[in-house]
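Per-entry structural report
Okay, here's what each chain looks like letter by letter:
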Amino acid sequence: MVQGSGPGEDAGTAETCGLGDWTPAALGDPGRVRPVVTAPAGVLSRVGATVDPLDDEVVRLAADLVATMRVSPGCVGLAAPQVGVGARVFAVDVTGHPKTVTSHGTFVLCNAEVVESSRWRPGREGCMSVPDLTGDVKRASRVVVRGVLPGTGAAVRLVTDGFEARALQHEIDHCAGRLFLDRVAGAHAVYQRKVYL
């Protein structure tokens, strides 16, 4: 991993609206399943490093995040800090989730940030790194997110809403060293998890 600006990050780079034809196959690596770390692991509370999306180590990490997410029941997103790596990389796939309205399928973003947000609503969240609790978190139900695709370095702009918007914000928070517990209104909005997937 390389800190600092990487390909596709300078202001002159044209953004692609949506993912174009990108799929996890662009990573050229099937990935390996990594163990998920749980709170209070220090990596979960540190701001992740900016990465070079073309770096071989970053591409392998992206493939590993997809592989780990796919074997984890109920998982719709996984960030690098959750596998012990302090980097701004995460995978998302809300396909098939009952709350999904908009879905971009399976994708990985590097150095992502929310650039527009609106329609704030509360919703229940859980996390593989906080396996025993869920909580009510108020998040934007419509977002515009900018990021860079690993393996290609293409800058993208995703417009999404509903459950996918929530998942993106949750994973961007992980990359910034925040858990959903940092976003709840108070102890009254935290619950013991009743169902384990």
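Everything discussed here concerns the structure shown above.
Model, not experiment: these values are computed from the prediction.

Rules used throughout
- Think of each chain on its own: its residues are numbered from 1, step by step along the sequence as written.
- pLDDT decides what is reported in this predicted model: residues at 70 or higher carry local features, side-chain atom pairs at 80 or more are listed and counted, and totals for whole chains, interfaces and linings draw on all residues regardless.
- As a convention, hydrogens and water are excluded, and side-chain values are obtained from all of the structure's heavy atoms.
- The way it works is that DSSP assigns letters per residue, a run of H or I at least four long becomes a helix, a run of E at least two long becomes a strand, and they are numbered from the N terminus.
- Within these notes, the globule rule equals 2.2 Å times the number of residues to the 0.38 power, and the radius of gyration is based on C-alpha atoms.
- Categorising residues by exposure relies on relative accessible area from a 1.4 Å probe, with only protein chains included: less than 20% of the type maximum marks a residue as buried, more than 50% marks it as exposed, and the intermediate range marks it as partly exposed.
- Residue contacts follow a heavy-atom distance rule, with two residues in contact if any of their heavy atoms lie within 4.5 Å.
- Note that accessible areas follow from Shrake-Rupley with a 1.4 Å probe, and for residues the cover is restricted to the protein chains shown.
- For the purpose of counting charges, residues Lys and Arg are taken to be positive, whereas Asp and Glu are taken to be negative. His and the chain ends are not included.
- The location of each charge is read from NZ of Lys, CZ of Arg, CG of Asp or CD of Glu.
- We define a salt bridge as a contact between a side-chain nitrogen of Lys or Arg and a carboxyl oxygen of Asp or Glu at a distance within 4 Å.
- An expected span of 1.5 Å times one less than the residue number is assigned to each helix.
- Paired strands, as defined in this entry, are two strands with at least two bridges between them according to DSSP.
- Each aromatic pair joins two rings of Phe, Tyr and Trp (for Trp, the six-membered one) with centres within 6.5 Å, and gets the label stacked for planes under 30 degrees apart, edge-to-face for over 60, and tilted for any other angle.
- To sit over a ring, a charge needs its Lys NZ or Arg CZ within 6 Å of the ring centre and within 35 degrees of the ring normal.

**Observations concerning the overall build of the chain**
- The helix and strand tally for the chain stands at two helices and seven strands.
- The C-alpha radius of gyration of the chain comes to 16 Å, within 12% of the 16 Å expected for a compact globule of 197 residues.
- In terms of overall dimensions, the chain has a C-alpha envelope of 45 × 35 × 30 Å along the principal axes.
- Residues classed as buried in the chain amount to 48% of the 197 residues present.
- Of the contacts formed within the chain by residues at least 6 apart in sequence, a portion of 72% connects residues at least 24 apart.
- For the chain, the exposed area adds up to about 9200 Å²; of that, 51% sits on carbon and sulfur atoms.
- Charged side chains in the chain number 20 positive and 21 negative. The centres of these two groups are separated by 9 Å.

**Observations concerning the pattern of salt bridges**
- Counted by the stated rule, this structure contains nine salt bridges.
- Among the salt bridges present, the one from Glu125 reaches Arg139, with a minimum N-O distance of 2.6 Å. Taken together, the positions of Glu125 in strand β4 (residues 107-127) and Arg139 in strand β5 (residues 130-148) put the pair 14 residues apart, joining distant regions of the chain.
- Judged by its relative accessible area of 5%, Glu125 falls in the buried class.
- Linked through salt bridges whose partners overlap, the residues forming this network are Glu125, Arg139, Arg166, Asp173, Arg178 and Arg183.

**Observations concerning helix α2 (residues 162-175)**
- Here α2 spans 21 Å end to end across 14 residues, near enough to the 20 Å set by a 1.5 Å rise per residue.
- With 13 of 14 residues buried, α2 lies mostly within the body of the structure.
- Immediately downstream of α2, the backbone of Gly177 shows phi near 80°, a positive value.

**Thoughts on the environment of Arg178**
- One can find Arg178 in the loop between α2 and β7 (190-192).
- With relative accessibility at 35%, the residue Arg178 sits in the partly exposed group.
- Separated by 66 residues in sequence, Arg178 and Ala112 have C-alpha atoms that sit 15 Å apart.
- Ignoring any residue separated from it by four or fewer positions in sequence, one finds Arg178 in contact with Leu44, Asp173 and Arg183.

**Re the pairing of strand β3 (residues 89-92)**
- The two faces of β3 match: Val89 and Ala91 on one face and Phe90 and Val92 on the other face are all buried.
- Bridge count between strand β2 (residues 77-79) and β3: three bridges; the pairing is antiparallel. Its bridge partner lying in β3, Gly77 is registered against Val92.
- Pairing geometry for β3 and β4, over four bridges, is antiparallel. In the sheet register, Phe90 faces β4, and the bridge partner there is Leu109.

**So, the side chain of Gln169**
- Note on placement: Gln169 falls in helix α2.
- With relative accessibility at 8%, the residue Gln169 sits in the buried group.
- Not counting chain neighbours up to four residues away, the residues in contact with Gln169 comprise Val114, Trp120, Arg139, Ala140 and Val143.

**What about the packing of aromatic side chains?**
- Using the criterion set out here, one finds zero aromatic pairs in the structure.
- Above the face of the Tyr191 ring, Arg124 is positioned so that its terminal group lies 3.8 Å from the ring centre.

**Some words on the environment of Leu109**
- If you trace the backbone, Leu109 turns up in strand β4.
- Residues Leu109 and Gly151, spaced 42 residues apart in sequence, show a C-alpha to C-alpha distance of 10 Å.
- In contact with Leu109, not counting residues within four places along its chain, are Arg88, Val89, Phe90, Val145, Gly147, Val148, Leu149, Val156, Leu158 and Leu168.

**With respect to the pairing of β5**
- Pairing of β4 with β5 involves 14 bridges; the strand directions are antiparallel. Within β5, the residue paired with Cys127 across the bridge is Val130.
- In this structure, the hairpin formed by β4 and β5 is closed by a connection of two residues.
- Pairing analysis gives three bridges linking β5 to β7, with the strands arranged antiparallel. Note on β7: the bridge partner recorded for Gly135 is Val190.

Everything listed here is a matter of coordinates, which is why it stays silent on function.
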